[in-house]
Amino acid sequence: MSVDQTPTQDVSGSTKGESPYSGMLVVLAGGIAMALIVLSIGLIGRSSGGDGDSGKAAGGGATNVAVDLSEFKISGDLNVASGGTLDITNKGSQIHNLVIDGGGKTSDLNGGESESLAVDVAPGTHVVYCSISGHREAGMEAELTVTEGSGGSGEGASTSGSASTSHSTDEMTIDDYVKMDQQMLDSFNPFVEVVKTGKANTKGIGGKDLEPNIVTEDGVVWKEWTLTAEIVDWEISPGKTVKAWTYNGTVPGPILRGEVGDHIRVKLINKLPMGTDIHMHGMILPNDMDGVAPLTQDLVPAGGTFTYQYEVTEPAIAMYHPHHHGQMTVVNGMWGAMIFSPKGGGGMSDYTIPRGKTVSGVTIPADLKVAQEHNMVLNDAGVIGLSLNGKSFPATEPYSLKTGDWMLVNYYNEGLQYHPMHLHQFPQLVIARDGIPLDYPYFADTISVGPGERYTVLFQATKPGIWVWHCHILTHAESEEGMFGMVTALAVAD
Ligand SMILES: [Cu+2]
């Protein structure tokens, strides 16, 4: 589905008007809401064990305490009065949150974001931690001392084991669950609207092909692209705009495409407030074009320029990004795809698709034609956060196919974590890894894409309906407030 990213414009095409899928989406949303409840109960069950330890703490804690989150620790004066407030700031580059065991939880905070959390637990010691997958184990756990409150929610505070919380299943009411049901269902509405109307709900779309300038010098034909590194406003999800670090103002940056044998030239203009470089991850190139300041070139200073140029000698499904302070610049949005196919046309699909081969009893048609080819770039950190192609659900782009169509997808992981990408219903044939075709392709319904990796998959949409497509680390796709992050859907028409 081609989604127009300018909300003021109408889009032509088959997606206009009422969609036959909207009813299906509602049914789907209900199913997922049920799954969420089960998940939440499981999570809450695990985190509610610490309430009973509520011996009185000596000394009074302040009513307002600053707590900082970073990779991977929780710091600050963790001594607060019951009924007080924790002012929590994410000073790291990844997404973090803070859970008071048996108490409340912040939302998932991007780097630089803050949120206040009421300390609504009994005096005593309570474990606090970040519930993002793997972060607690990595060190984001600490002990919070809660002292007798200076008023506020004093009542009941001295009763051992009965701290009032809004998240313990012991305390949750039917109304709470009803509310969670509704939040999950409501979170689908803007996405359903995009599927129905074809109109995007955020401004800006990234990852478009950038046509090169063709320049002939001394008999050599160069394909030239200009990439301007700059910070721009980028709308990640409806109403949520961040200062993204970009190439040419979009996340992902433009796609650079060509063939083996091309002489390519990438002109970098640095409009960032700091130095930068470009590493073309996955391209076979001369050492002095590898983009690692200061090893292979000088750092390109703020306001500076640098030109990368060489002849492409191998096919590639690659990605370009800064090497300099990638921990911040890459996750904040600086990445783009480079796709170079073998000489002589046919594109990457001719190179990677095992036509005529039988895999697990399925023979791949010798005359297979790819109806659509897409890049799906994964991120999970920085100001961009959990996202597909620089957008978080419900701003992620839905895809549409007709029954019988084949789709080829290149996954790229520019984040800091693995993402098991699960497409409902249609097994994905993994045909290339990091742009290198596999001698033994294999089918899987969940493909774990690690940081820096690219996986190329092929599937046939054999059955109509709306099929969800998401990261299966469930906290990358669902929250108490509903769907978000690494979720999209594939609409298959009859
Ligand atoms: Cu994930």
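Residues numbered from 1 in each chain as written. Predicted model: local features only at pLDDT ≥ 70, side-chain atom pairs only at ≥ 80, totals over all residues.

A. Highlighting the overall build of the protein. Helix and strand counts for the protein come out as four helices and 31 strands. By sequence separation, contacts in the protein at least 24 residues apart represent 71% of the contacts at least 6 residues apart. (Helix = DSSP H or I, 4+ residues; strand = E, 2+ residues; numbered from the N terminus. Contact = placed C-beta atoms within 7 Å.)

B. Structural detail: the environment of T296. If you trace the backbone, T296 turns up in the loop between β13 (279-281) and β14 (305-311). We classify T296 as partly exposed; it has 15 C-beta atoms within 10 Å. In this structure the C-alpha to C-alpha distance between T296 and P286, which are ten residues apart in sequence, comes to 9.8 Å. Setting aside residues up to four positions removed in sequence, T296 forms contacts with N287, D288, D290 and G291. (Buried ≥ 20, exposed ≤ 12 C-beta atoms within 10 Å, placed from the backbone.)

C. View of the nonpolar core. Residues L98, M338, Y411 and L490 are the most contacted members of the largest nonpolar core, which totals 112 residues. Taken domain by domain, this core gets at least three of its residues from each of domain 1 (51-168) and domain 2 (213-493). (Core = buried A, V, L, I, M, F, W, Y, C linked by C-beta atoms within 7 Å. Domains from an automatic or database assignment.)

D. Summary view of the sheet that holds strand β15 (residues 316-321). Taken in spatial order, the four strands make up an open sheet running β11-β16-β15-β13, and their pairing is mixed. Of all the strands in the sheet, just β11 (256-259) and β13 have a single pairing partner and so form its edges. Adjacent strand axes in the sheet meet at a mean angle of 25°, parallel and antiparallel pairs treated alike. (Pairing = 2+ DSSP bridges. Axes fitted to C-alpha atoms, helices over the stretch in contact; angles between N-to-C directions.)

E. Layout of the environment of V121. Considering the arrangement of structural elements, one finds V121 in the loop between β5 (114-118) and β6 (124-129). Distance in space between the C-alpha atoms of V121 and A81 is 9.7 Å, their sequence separation being 40 residues.

F. Inspection of the environment of S107 at higher detail. Its place among the elements puts S107 in the loop between β4 (99-100) and β5. With ten residues separating them in the primary sequence, S107 and L117 have C-alpha atoms 9.7 Å apart. Residue contacts for S107: discarding those within four places in its chain leaves N97 and E115.

G. Broad picture of the sheet that holds strand β23 (residues 419-423). The strand order β21-β31-β28-β23-β26 describes an open sheet built from five strands, whose pairing is mixed. Lying at the two open borders of the sheet, with one neighbouring strand each, are β21 (399-402) and β26 (446-449). Looking at each pair of strands side by side, their axes are set apart by 20° on average, direction ignored. Two strands pair when backbone bridges link them, and strand β28 (residues 465-471) and strand β31 (residues 487-493) are joined in this way by six bridges, in the antiparallel orientation. Bridging across to β31, G465 finds its partner in V492.

H. Inspection of the pairing of β6 at higher detail. Relative to β6, β4 is paired through two bridges, and the arrangement is antiparallel. Residue I100 lies in a different strand from β6, and its bridge partner there is V128.

I. Molecular detail of unusual backbone geometry. Cis geometry is found at the peptide bond from A293 to P294, where omega equals 5°. Within the fold, P294 resides in the loop between β13 and β14. Following F393, the chain continues into P394 via a peptide bond in cis, with omega recorded as 10°. In this model, D218 sits at a positive phi of 50°, which is unusual for a non-glycine residue. Mapped onto the elements of the fold, D218 is located in the loop between β8 (213-217) and β9 (220-237). In this structure D218 comes out as exposed when scored by C-beta crowding, with 4 C-beta atoms within 10 Å. Phi is positive for N389, close to 50°, though the residue is something other than glycine. Tracing the backbone through its elements, the reader meets N389 in the loop between β20 (385-388) and β21.

J. Main features of helix α2 (residues 174-197). Taking 1.5 Å of rise per residue, the 24 residues of α2 would be expected to cover 34 Å, and the 35 Å separating its terminal C-alpha atoms lies within 8% of that figure. Turning to α2, its buried residues number three or more, namely M184, S187, F188, F191, V192, V194 and V195. (Expected span 1.5 Å × (residues − 1).)

K. Seen up close, the confidence of the model for the protein. This prediction gives the protein a mean pLDDT of 85; 84% of its residues lie at or above 70. Low confidence marks residues 5-58, where pLDDT is under 50. Its contacts with residues over four positions away, or in another chain, come to 89 contacts. Note that residues 150-166 has pLDDT below 50 and, in this model, 38 contacts with residues that lie over four places away or in other chains. (pLDDT = per-residue confidence, 0-100.)

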